[in-house]
Structure formats: C-alpha cells, structure tokens
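Per-entry structural report
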Amino acid sequence: MADVTPTTTPAVPPAEVADVELYHPKSYWTKYIFSQDAKVIAIQYSGTALAIGMVALVLSWLMRLQLGFPGVFDFITPEAYYQFMTMHGMIMVVYLLTAVFLGGFGNYLIPLMVGARDMVFPYANMLSYWLYLLAVLVLVTSFFAPGGPTGAGWTLYPPQAILSGTPGSGGAGIILMLVSLILFIIGFTMGGMNYVVTVLQGRTRGMTLMRMPLTVWGIFTATVMALLAFPALFVAAVMMLFDRTLGTSFFMPALVEMGEQLSYGGGSPIMFQHLFWFFGHPEVYIVALPAFGIVSDLISTHARKNIFGYRMMVWAIVGIGALSFVVWAHHMYVSGMHPYFGFFFATTTLIIAVPTAIKVYNWVLTLWRGDVHLTLPMLFALAFMVTFVNGGLTGLFLGNVVVDVPLSDTMFVVAHFHMVMGVAPIMVVFGAIHHWYPKVTGRMLDERMGRFHFWVTFIGAYLIFFPMHYVGLVGVPRRYPEIGDTLFVPESVHTLNAFISLMAFLVGFAQIVFLFNLVWSLRHGREAGGNPWRATTLEWQTPQTPPAHGNWGKELPVVYRWAYDYSVPGAPQDFLAQNDPGGATEEARASP
Ligand code: HEM
Ligand SMILES: [Cu+2]
C-alpha cells in the first residue's frame, strides 16, 4: 500500500468554536415539522425531492409513450410534449438532484461527519427547506395554471420562452417557473451558507480539513460552486421575469411576430445563454462532486481499503470545481460564436478530463486487491463508475467543436447527458441511501428488493440510453415529439424507439419497488445496530442510532486520524474509527 495514514497529531488542537447551546424543541411541531435539526431537515429535503422526482419520472414515461408509439396517444399533443420535456428536465436537475445531494445528504452528513452538534445557523437552515418546498409547490401549480406549464425547454432560452408560440408563455407558466427558480435559489443560499460555515467553523477537535471524509469535501466544494453559480441564474430569471411582465428588453431584440412589430428592442438573447450556462455547466458538477465524494467513501468502506491518493482526490475535487467555471460556452458552439472562442472552450473542457481521470484511476486502485464486498452500496458505486466513464467518453466527442456541430441538438446529446448526469448520479443517490439508511432509521433496507431494484435499474438504464446514441448518430434531432417517415431515418430507429420506451417503463417500475422498500423496511427491516458496515467515519460512532438531538450526547468526539484506516494489521476489528486513539497499532501500521 503506497498511501499511509497521516499519523496522529501529538496534541489535539482546541475546538474552533465552543460547544453551543442547541435550540430545544418544545412541541411536536417544532420537533418534526418546523424543525431546526439538520437531520430532520435532511429527511424533509430528501422526501420532497424524491416525491417531485417521481413526477419527473412519470413525465418521462409520457414522453417515451409519444416517442415510442407516435400517434397512438392523442392527448400528448406537441405542446404537451414540450411541457413534459421542460418540466422533466428542470425537475430532475434542480429540484431532485441538487436538492437531494446538498439539502438531503449535505444536511444529514456534514454535521455528523465533522463532529458537530448541528449546522451553524439552524434557523436559516429550517427556512431553507420551507422556501424549497414553496418553490416546488409553485412549480407544481404551473401544471394547473391556465395555459399549463412552460414548454420552453429546460434551458428557457429567450426570446422564444416568452413569445406567444411557446406553450405556457401567454398564461402563467413561464412566470411560475421563473418565480419558482428564484425561490429555490434564495432557499438554497440559506442552506448553502450553513454547509460552508459548518465545514469551516464547526469541526470538532482534531478534525483538520485534510482529515475530512471525501463525502464532506465533495459536498463542500459543490456548495461553494453553487453559491457562485446560482446567482447567474438568479439574475437571468429576474431579468426574464421583467421582460415578460414589465416589458423590458434585457434579452429581447426587435422582433416581428405574425407580421406585427413587438414593443421589444435592443436586448441580447445570447446574453441569456451565457448567464444560463455560467450556471448550467457548474450545475453538472454541483451534482457530480457530492457523487464523487460519496462514491469514494462507499468504495473504500465496502472494499475495506484506504482510499488511494486521498490528497490527490481532494485536489481533484477542488480543481474540477474551479475549472468547471471556465467551460460553459461548450454548450453554445452553435450559437454563432467566433471559432477561436470555441477553441478556447474546447481546450478548457478537455483539460477537465485530467483531474476526472485521476479520480477514476484512484477509485480503480482503491478497489485493486481490495476485499471487495458486493453489497448494494458497492454495486451502485460500481454502476456509477461505469456509467460515468461511459458518459464522460461521449463528452469528449461533444467537447470538440467540429464533432459537436453535427451532433448538436441530436438525441446523441440526450444520450450523453443522461448517462453522465442522469443515470450516474442517481446510482450514487441509491447507493448512498442503502449505505446510510441504517443510520437514519436503525434498520437495514431489504436486500432482495434492493438487488432486484439494482439490476433492473442498471441494465435497464443501459438498454434505454445506449441505443439512443445510435438514434442520435443517424441524425434524429432532440426535442422533436415525432419524426414521422423522414427519409434519412432508417426503420431501425422506429423499432429502437419502441424498445427504449418499453425499457423506460421497466426501469420506472423498479423505482416503485425501491420506494416500497424504503417504507417497508422502516418497520420490517433487519435491525442494523450502530455501525453495520464497520465504517470509520464519525457518523457511525454516535452514541445512539438514529443519532439523537445534538448528535453526540455529553461530549463531542475527538478525532485522531483520517477516515480511511481499513484492514489495519493488529487492530481489534480490522478498522480504526476516526475517534479511535489507536495506540499499540501505531507501530504495526508503520511497518507494512
Ligand atoms: C428512466 C429515466 C429517464 C428517462 C426515460 C428520460 C427520458 C427523457 C426524454 C424522453 C427526454 C426528451 C428528449 C427530447 O425529446 O429531446 C428527456 C429530456 C431530459 N432529461 Fe430525462 N429521462 C430520464 C431521467 C433523467 C434524469 C435522472 C435526469 C437528471 C439529470 C434527466 C434530465 C433530463 C434533461 C435535462 C432533459 C432535457 C430537457 C430539454 O431538452 O429541455 N432525465 N429525458
Ligand atoms: Cu457543460
């Protein structure tokens, strides 16, 4: 083993902040509903995100019904298709994945993993959830608004997003979408501020930054990124709202619609694209970095091996986070930009492949000769690695201007981003839920339902999205509800489309089994005990499971080592928890 544990510091540094007096809930309402406990807020965030995610899943079925069997289902008009598509994309990216990784896992894991009693600003943390819920409700309202939800595509490009030809532009659809995003961002900022300050100021004694589990590094870096990226979307949403309601022209050029000169003039639609993608590209990594961190910890724990190259992993996370702010215009190669400009963005895009590849190598080297237990968290982590590398490889195609231009706006793009930021992070969400469910509930998830769910979802996702690359390569455009008997489209595409749709239903069904498992195991799951995976990180060392209010009882834990002391020779249990002072094993470890 090349990588050795940083040795214990001789004197434990004093705590960075004094132990705080927590808010003590006095009633059922303040304990479970308007709770300031990060653990309760985490469950609220996750539950809401999974619920709205189910809506997005149903919308994807409706789209697949239309694409697989065009003309059979009359109620899916082209307008409805665009509305389903827009809501599906936006919900999946923002309201499900961002919310579940940061609001859900972030809230639950940060305080526990760094040895804090709670987040630093619990009241703002509570408000964060309620604003998120409000944002979700406003979004859902748009389904029932006159004219329905917006059908502008999840990118909401003006001018078309607010022009009358687009579904949801005349009524309240687009307005509700923008208001919902604005609320989401305000809510997220309140939570995000908490995650950052808690990591920087709330760590317990001995928990140096370079001893934090990679899960915390991933969520922390993603939060910093989100705090920098969401403001771009925020101002874009506010300006578009003004364009739509007050008649300003931030993004609106002079336009003639149906022979009629509109009152707009002088604005720049391309400016919106820049603002949107300045948010939109980092958004991919806001979802991916927590996934990277979590996968690292899952692999290490379930292979009983220290993570390979911990420091490199930390710097790769931070490096990817920084680089992803200078690649956004690779989404705009066909916007008419100057080719040299495109060259710059292609270069930065390909440079990101370097730290990303480092991470993948380190995961593989962590697994290499490990004692790999094929538990469900491990299976999902492996599935993540496969799908992420797969999606990353097609990203190399799309990152190059000359290859992207013919592939742009084809189903190849849809296949690419579903692999890399749809399937891959969702695998981590499932793996993480299987891993931490025992801590949250005290019980294990049912293994048989879990394995059924895993295999159907993993193989099924490939059967959905792999053929879609081919559909795109032969030229089928994205965002088309129907391609009809277009000359260049071979018969095989129609057959595949039907096949893909059937697979989408199969995968969807497996998700219902997963949700059922979550509820069923609450009462019938096997008792988990405090540390069923024999893991080293602090959340597994709490005096109670599930952890009680304030997490740690009387004394905060003291940290003596990093999070990856697995298979330690001479250790009584094969691992040393972060708060284990060790002792005799120290020499054993020094001489491998
Ligand atoms: C079984 C799972 C899923 C299926 C069957 C599915 C299906 C689809 C379909 C049919 C489209 C429309 C393609 C088009 O006409 O251009 C689409 C778009 C999209 N999906 Fe998914 N999807 C799934 C999961 C996800 C997940 C997990 C994400 C999270 C990132 C996601 C994000 C998106 C986005 C961002 C769009 C683009 C919407 C737009 O073009 O405006 N999808 N999906
Ligand atoms: Cu991008």
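Residues numbered from 1 in each chain as written. Chains lettered and ligands numbered in written order. Predicted model: local features only at pLDDT ≥ 70, side-chain atom pairs only at ≥ 80, totals over all residues.

Let's talk about the overall build of the chain
Filter applied, for reference: Where helices and strands are cited, they refer to DSSP runs of H or I of at least four residues and of E of at least two residues respectively, numbered from the N terminus. Two things to know: the radius of gyration comes from C-alpha atoms, and the globule rule equals 2.2 Å times the number of residues to the power 0.38. Note on burial: count the other C-beta atoms lying within 10 Å of the residue's C-beta; 20 or more is buried, 12 or fewer is exposed, in between is partly exposed, and C-beta positions come from the backbone. For every residue pair, C-beta atoms are placed from the backbone, and the pair is scored as a contact if these atoms sit within 7 Å.
What the chain contains, in helices and strands, is 15 helices and 2 strands. At 24 Å, the chain has a C-alpha radius of gyration in line with the 25 Å of a compact globule built from 592 residues. Principal-axis analysis of the C-alpha atoms places the extent of the chain at approximately 85 × 50 × 50 Å. A total of 592 residues make up the chain; the buried ones form 51% of that total. Pairs at least 24 apart in sequence give 80% of the contacts found in the chain among residues at least 6 apart.

Some thoughts on the confidence of the model for the chain
So the rule is basically this: For every residue, the pLDDT score states the predictor's confidence, bounded by 0 at the bottom and 100 at the top.
Mean pLDDT over the chain: 93, with 95% of residues reaching 70 or higher. This stretch, residues 1–10, has a pLDDT under 50; its non-local contacts, to residues over four places away or in other chains, come to 15 contacts. Taken as a whole, residues 584–592 scores under 50 in pLDDT and shows 11 contacts with residues more than four places along the chain or in a different chain.

Some remarks on the site of ligand 1
Operational definition: Only the C-beta atom, placed from the backbone, is used; a residue is near a molecule or strand if that atom lies within 6 Å of it. Gly is placed with the polar residues, together with every amino acid not listed as nonpolar (Ala, Val, Leu, Ile, Met, Phe, Trp, Tyr, Cys and Pro) or charged (Asp, Glu, Lys and Arg). Note that the domain bounds were set by an automatic or database domain assignment.
Residues in contact with ligand 1 amount to 23 residues; listed here are only the nearest, Gly-89, Met-92, Gly-153, Gly-422 and Arg-478. Going through the elements one at a time, helix 2 (38–68), helix 3 (78–114), helix 12 (411–441) and helix 14 (491–524) are the ones with two or more residues in the shell around ligand 1. A total of 7 residues in the shell around ligand 1 trace back to one element, the largest contributor, which is helix 3. Along the lines of polarity and charge, the residues of the shell around ligand 1 split into 13 nonpolar, 7 polar and 3 charged. The two domains that each donate at least three residues to the shell around ligand 1 are domain 1 (36–249) and domain 2 (305–528).

A closer look at the domain arrangement of the chain
Accessible area lost on assembly of the parts is the figure often given for the size of an interface. Entries for the chain in the domain assignment read domain 1 (36–249), domain 2 (305–528) and domain 3 (534–592). Here the C-alpha centroids of domain 1 and domain 2 sit 19 Å apart. On the side of domain 2, 22 residues touch domain 1, which itself brings 24 residues to the contact. Those elements that provide at least two residues to the side of domain 1 that touches domain 2 are helix 2, helix 3 and helix 6 (214–245).

Brief notes about the nonpolar core
Keep this limit in mind: Each nonpolar core comprises buried Ala, Val, Leu, Ile, Met, Phe, Trp, Tyr and Cys residues, the members being joined through C-beta atoms within 7 Å.
If you look at the biggest cluster of nonpolar residues, it comprises 173 residues, and the most contacted ones within it are Met-240, Val-295, Phe-380 and Phe-384. Here this core takes 24 residues from helix 3, the largest share from any one element. Residues within four places of Phe-384 in sequence aside, it is in contact with Ala-291, Val-295, Ala-424, Met-427, Val-428 and Gly-431.

Quick notes on the packing of helix 2 against helix 4 (residues 122–141)
To keep things clear, this is the line we draw: Helix axes use the C-alpha atoms of the stretch in contact, all axes being lines fitted to C-alpha atoms, and the angles between their N-to-C directions lie in the range 0 to 180 degrees. Here roughly perpendicular refers to angles of 65 to 115 degrees, roughly parallel to angles under 35, roughly antiparallel to angles over 145, and oblique to all remaining angles. Here a crossing is taken to be left-handed if its near helix is turned anticlockwise relative to the far helix by less than a right angle, and right-handed if that turn runs clockwise.
Two elements in contact, helix 2 and helix 4, have axes whose closest approach is 10 Å; the angle formed by their N-to-C orientations is 10 degrees. With respect to their mutual orientation, helix 2 and helix 4 come out roughly parallel. Here helix 2 and helix 4 pass one another in a crossing that is left-handed. Contacts from Ala-38, Ile-41, Gln-44, Tyr-45, Thr-48 and Ile-52 of helix 2 reach helix 4 at Asn-125, Met-126, Tyr-129, Tyr-132, Leu-133 and Val-136.

Brief notes about helix 6
Where we set the bar: Expected span of a helix, by definition, is 1.5 Å for each gap between consecutive residues, and there is one gap fewer than residues. The term bend refers to the angle at a residue between two fitted axes, each drawn through seven residues, those ending there and those starting there.
In this model helix 6 runs 45 Å from its N-terminal to its C-terminal C-alpha over 32 residues, within 8% of the 46 Å that 1.5 Å per residue would give. Its axis deflected by about 30 degrees at Leu-227, helix 6 carries its strongest bend there, up to four residues before the proline Pro-231.

Some remarks on the packing of helix 10 (residues 376–399) against helix 12
Following both chains from N to C, one finds helix 10 and helix 12 inclined at 160 degrees, their axes separated by 8 Å at the closest point. As the angle between them shows, helix 10 and helix 12 are arranged roughly antiparallel. Between helix 10 and helix 12 the crossing geometry is left-handed. Its residues assigned to classes, the contact of helix 10 with helix 12 shows 16 nonpolar, 10 polar and no charged.

A few points about the environment of Ala-353
Secondary-structure assignment places Ala-353 in helix 9 (residues 339–367). Taking the C-alpha atoms as reference, Ala-353 lies 9.4 Å from Leu-393; in sequence the two are 40 residues apart.

Some words on unusual backbone geometry
Looking along the chain, the bond that leaves Pro-158 and enters Pro-159 is cis, with omega of 0 degrees. Relative to the helices and strands, Pro-159 is located in the loop between helix 4 and helix 5 (173–201). In this model, Thr-545 is joined to Pro-546 through a cis peptide bond whose omega is -10 degrees. Counting through the fold element by element, Pro-546 comes out in the loop between helix 14 and helix 15 (585–590). Located in the positive-phi region is Arg-304, a residue other than glycine, with phi close to 50 degrees. As for its position among the elements, Arg-304 is in the loop between helix 7 (269–302) and helix 8 (310–323). Owing to 17 C-beta atoms within 10 Å, Arg-304 belongs among the partly exposed residues under this scheme. Unusually for a residue other than glycine, Arg-369 sits at a positive phi of about 60 degrees. Following the sequence through the fold, Arg-369 ends up in the loop between helix 9 and helix 10. You can call Arg-369 exposed: it has 10 C-beta atoms within 10 Å.

Remarks on the environment of Phe-105
Relative to the helices and strands, Phe-105 resides in helix 3. Here Phe-105 falls in the buried class, since 25 other C-beta atoms lie within 10 Å of it. Along the backbone, Phe-105 and Pro-290 are 185 residues apart, and their C-alpha atoms lie at a distance of 8.7 Å. Apart from the residues within four sequence positions on either side, Phe-105 is in contact with Val-100, Ile-219, Pro-290 and Ala-432.

Considering the environment of Phe-509
By the element assignment, Phe-509 lies in helix 14. On the basis of neighbour counts, which here come to 12 C-beta atoms within 10 Å, the residue Phe-509 falls in the exposed class. Linking Phe-509 and Phe-279, residues 230 residues apart in sequence, is a C-alpha distance of 33 Å.

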